[in-house]
Amino acid sequence: MKKAPRSIFLLAISITLIACSSEGQKQAKTNETESHDHSAHANMDMGSSEPTDESIYNVSSVWKNRHGKELELSSLRGKVQIVAMVYTHCEYACPRILADMKRIRDQLSGDALANANFVIISIDPERDTPERLNTFATENDLNEETWTLLNGDQGDVLEIAALLGVKYKRISPTDFTHSNMITVLNKEGEVIHQREKLADQQTETVEVIESLI
């Protein structure tokens, strides 16, 4: 059998290496985009649905706070609650929601603030462990007297989202799109007011809270 010239083999190897290199670069670029482009959900507010007209304190689910202590939502009864469902690794909407909650806090009278509490419920419970929530609270100056951060089972998170009319969906291994909602509950855990869009002015929400004290 006649052997092919050595130059043909070298040419074939070179073509293969070039093809592999090109494919590798393409895959690396794809992976980099998936890892670093978290902006896909920045303007993807999912809107919301109608919340329940009953108290969310009727649910029997058990949650964990920033220290891993178990509690039921009914333990929040007695104060006006300002609630948001977010996730701590979010880089766009969630920091703005938290900033809005802080603006609301800062505009409350002393009496209202003493009778109100701010609740953050994670929609990413696998990553937002109690330890992660505690770190997040420290990084954002969320003291325990005013802020409650909750981690729950995925099914319980879905249930409370449905009760509050909050929609969310995972759009990548690290990102979600979700309602940009802040909900005000009265002292019995009933939905009284919802701010559904990101906004600079929190006047209406503040007025609702003050009226409930």
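Here's what I pulled together on the structure shown here.

## Some words on the pattern of salt bridges
Right, on to step 1. On inspection of all chains with the given rule, the structure shows six salt bridges.
Right, on to step 2. Arg77 is paired through a salt bridge with Glu188; the nearest N and O atoms lie 3.0 Å apart. Of this pair, Arg77 sits in the loop between strand 2 (70-72) and strand 3 (80-86) while Glu188 is found in the loop between strand 8 (182-185) and strand 9 (191-195), placing the two residues 111 residues apart along the sequence.
Right, on to step 3. Given a relative accessible area of 40%, Arg77 falls into the partly exposed group.
Right, on to step 4. Look at Glu188 and you get partly exposed, because its relative accessible area is 41%.
Right, on to step 5. With a shortest N-O distance of 2.4 Å, Asp100 and Arg195 are connected by a salt bridge. Taken as a pair, Asp100 in helix 2 (residues 93-107) and Arg195 in strand 9 lie far apart in primary sequence, 95 residues in all.
Right, on to step 6. For Asp100, a relative accessible area of 3% translates into the label buried.

How each quantity is defined
Residues numbered from 1 in each chain as written. Predicted model: local features only at pLDDT ≥ 70, side-chain atom pairs only at ≥ 80, totals over all residues. Heavy atoms only, no water. Salt bridge = Lys/Arg side-chain N within 4 Å of Asp/Glu carboxyl O. Helix = DSSP H or I, 4+ residues; strand = E, 2+ residues; numbered from the N terminus. Buried < 20%, exposed > 50% of the residue type's maximum accessible area, 1.4 Å probe, protein only.

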